[in-house]
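# What the coordinates show
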Amino acid sequence: NGSEASPSFLLAGLPGPEGAQCWLSIPLCSAYVLAVAGNGAVLLAVRLEPGLHAPMYLFLCMLAAVDLALATATVPRTLSFYWFGSREIGLGACLLQMFLIHALSAVESAVLLAMAVDRYVAVCHPLRHAAVLTNGTTAKVGLLALARGIVFFLPLPLLLLPLPFCGPRALSHSFCLHQDVMNLACANTTPSVVYGLTAILLVMGLDALLICLSYVLILRAVLRLAAWRDRLKVFSTCIAHICVVLAFYVPLIGLSVVHRFGKDLAPLVHVIMGNVYILVPAVLNPIIYGVRTKQIQRRIL
């Protein structure tokens, strides 16, 4: 009938009878508990183990903190929908959640790039590693990653805030994403479309390109080694990081493809892909590094 001064949106949930929503939330709640426990354990292990006070593990702490923040910004609100039927979310809360998701994803992408550079220096210039990547430099990189995420993605909610929202306001996911909210506006969204695409390409796109470039250089340096045993030993130091990169970028690309080409897909696909994007990195990252790092295993035990 028209737009409201402060509209609200309806979160999407898993399809099923109303009485079964609580049971459907069990896998989501279990994944969230695993994410909190795993990333909290990694943070505590690195904090208590002096041998882990090195740039690579400080970056891992940043990764764990970002995963915790990202999961906490979305999953509790989703669980309140399943458990208490609280499906509506106000415009302000939705835009804040949207900003946190995109900004924290940008921070995680930057941390993964910094970890790739750390691996590149460690493999290709091992004698300079301690001098180039100090703890002070690591802290500055973390602050720069946070500042970049805020600067690039703060305009997204500001561009959507003055737009009118009329008609159905049902979201495709159980949380607020920029493209999802933007599609519900009944006004010209060209500035928001252009800026959102530019920000994604300049942040996640550029980071992914630089990560690929770093591993091309690492692979070239590894192949120069004469013995296969030496090649495997050197490259094995990068396996955990490669798995973490895939755990972040594969769901991100999958969610983008679903948004772009999945308009005719079942709503269940959108809901599942959204939760996979949020929870898979948060659950897998501490498991990957816990398996690959004996010091973390020992300290957790």
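Residues numbered from 1 in each chain as written. Predicted model: local features only at pLDDT ≥ 70, side-chain atom pairs only at ≥ 80, totals over all residues. Heavy atoms only, no water.

## Re the overall build of the protein
Going by this rule: A run of H or I in DSSP becomes a helix once it reaches four residues, and a run of E becomes a strand once it reaches two; helices and strands are each numbered from the N terminus. Only protein chains enter the accessibility calculation, which uses a 1.4 Å probe; a residue whose area is less than 20% of its type maximum is buried, one above 50% is exposed, and one in between is partly exposed. Contacts are assigned to residue pairs that have any heavy atoms within 4.5 Å of one another. Positive charges come from Lys and Arg, negative ones from Asp and Glu, while His and the chain ends are left out of the count. For this purpose, a charge sits on NZ of Lys, CZ of Arg, CG of Asp or CD of Glu.
Helix and strand content of the protein: 13 helices and 2 strands. Overall, the protein is about 70 × 40 × 35 Å in size when its C-alpha atoms are taken along their principal axes. With 301 residues in all, the protein has 45% of them scored as buried. A fraction of 79% describes how many contacts in the protein between residues 6 or more apart in sequence connect residues 24 or more apart. Distance between charge centroids for the protein: 15 Å, based on 19 positive and 11 negative side chains.

## Looking at the state of the cysteines
Cut-off, in case you're wondering: Put simply, a disulfide is two cysteine sulfurs that come within 2.5 Å.
With the rule as written, the count across this model stands at 2 disulfides. In this model, Cys 94 is linked to Cys 176 through a disulfide, with the two sulfur atoms separated by 2.0 Å. Across the S-S bond linking Cys 94 and Cys 176, the dihedral sits near -120 degrees, which makes this disulfide left-handed. With Cys 94 in helix H4 (residues 91–124) and Cys 176 in the loop between helix H7 (155–160) and helix H8 (178–182), this residue pair connects regions lying 82 residues apart in the sequence. Judged by relative accessible area, Cys 94 falls into the buried class, the value being 0%. Sequential numbering of the bridged cysteines in the protein gives the disulfide pattern 1-3, 2-4. Here Cys 124 stays free of any disulfide, with the sulfur of Cys 238 as its closest cysteine sulfur at 8.7 Å.

## Overview of the UniProt feature "transmembrane region" (unreviewed entry) in the protein
Put simply, the rule is: UniProt positions are given in the numbering used here, feature names are shortened, and annotations may be inferred rather than shown by experiment.
UniProt records the feature "transmembrane region" (unreviewed entry) at residues 23–45, 57–75, 95–117, 138–161, 193–222, 234–256 and 268–291, using the numbering of this structure. Across residues 138–161, helical content stands at 92% and strand content at 0%; the span's end C-alpha atoms are separated by 35 Å. Each end of residues 193–222 is marked by a C-alpha atom, and these two atoms are 42 Å apart; helix forms 100% of the span and strand 0%.

## Description of the layout of surface pockets
The test is simple: The pocket and cavity definitions rest on a 1 Å grid over protein atoms only: a 1.4 Å probe that fits but cannot leave marks a cavity, an open set with protein on both sides within 12 Å along at least five of seven lines marks a pocket, and residues lining either have an atom within 4 Å of a point. Grid points are joined across faces, edges and corners, and a volume is the space filled by probe spheres set on the points. Any residue that is not Ala, Val, Leu, Ile, Met, Phe, Trp, Tyr, Cys, Pro, Asp, Glu, Lys or Arg is counted as polar, Gly included; the first ten are nonpolar and the last four charged.
As a volume, the largest pocket reaches approximately 1,200 Å³. Along the wall of the largest pocket there are 46 residues; nearest its centre are Gln 179, Leu 255, Ser 256, His 259 and Arg 260. Within the residue set of the lining of the largest pocket, elements represented by two or more residues are H8, helix H9 (190–223), helix H11 (239–261) and helix H12 (267–292). Examining the composition of the lining of the largest pocket, we find that 9 residues originate from one element, H9, more than from any other. Tallied by class, the residues present in the lining of the largest pocket amount to 28 nonpolar, 14 polar and 4 charged.

## Some details on H11
Here is the rule we go by: Here, expected helix span is obtained from the residue count minus one, scaled by 1.5 Å.
Spanning 23 residues, H11 covers 32 Å between terminal C-alpha atoms, matching the ideal 33 Å at 1.5 Å per step. By the burial criterion, the buried members of H11 are Ala 240, His 241, Val 244, Val 245, Ala 247, Phe 248, Tyr 249, Pro 251, Leu 252, Leu 255, Val 258 and His 259.

## Details of the pattern of salt bridges
The criterion, for reference: For salt bridges, the criterion is a side-chain nitrogen of Lys or Arg within 4 Å of an Asp or Glu carboxyl oxygen.
Taken as a whole and assessed by the stated rule, the structure comprises 2 salt bridges. Between Asp 118 and Arg 119 there is a salt bridge whose closest N-O contact spans 2.9 Å. We classify Asp 118 as buried; its relative accessible area is 0%. Linking Arg 148 and Asp 207 is a salt bridge whose minimum nitrogen-to-oxygen distance equals 2.6 Å. Taken together, the positions of Arg 148 in helix H6 (residues 135–153) and Asp 207 in helix H9 put the pair 59 residues apart, joining distant regions of the chain.

## Description of the packing of H4 against H6
Which entries qualify depends on this criterion: Here, axes are lines fitted to C-alpha atoms. For helices the fit covers the stretch in contact, and angles between N-to-C directions go from 0 to 180 degrees. Crossing handedness is read from the near helix: turned anticlockwise from the far helix by less than a right angle, it gives a left-handed crossing, and turned clockwise, a right-handed one.
H6 packs onto H4 with a crossing angle of 145 degrees between their chain directions and a minimal axis gap of 8 Å. In this structure, H4 crosses over H6, and the sense of that crossing is right-handed. Of the residues in H6, those in contact with Phe 99, His 102, Ala 103, Ala 106, Val 107, Ala 110 and Ala 114 of H4 are Val 141, Ala 145, Leu 146, Arg 148, Gly 149, Ile 150 and Phe 153. Within the contact of H4 with H6, the residues separate by chemical class into 11 nonpolar, 2 polar and 1 charged.

## Description of the packing of aromatic side chains
Working definition: an aromatic ring pair is given by the centre-to-centre distance plus the angle between the planes. Test applied: The criterion for an aromatic pair is that two Phe, Tyr or Trp rings (for Trp, the six-membered ring) have centres within 6.5 Å, with stacked assigned to planes under 30 degrees apart, edge-to-face to planes over 60 apart and tilted to the rest. Geometrically, a lysine NZ or arginine CZ counts as sitting over a ring once it is within 6 Å of the ring centre and also within 35 degrees of the ring normal.
Using the criterion set out here, one finds 4 aromatic pairs in the structure. An angle of 85 degrees between the planes, with centres 5.2 Å apart, marks the rings of Phe 9 and Phe 165 as edge-to-face. Of this pair, Phe 9 sits in strand E1 (residues 8–10) while Phe 165 is found in the loop between H7 and H8, placing the two residues 156 residues apart along the sequence. With respect to class, Phe 9 is no different from Phe 165; both count as buried. Seen in terms of ring centroids, Phe 248 and Tyr 249 are 4.9 Å apart; in terms of plane orientation they differ by 85 degrees. Their pairing is edge-to-face. Residue Phe 248 shares its accessibility class with Tyr 249, and that shared class is buried. The positively charged end of Arg 231 is found above the aromatic ring belonging to Trp 228, 4.6 Å away from the centroid.

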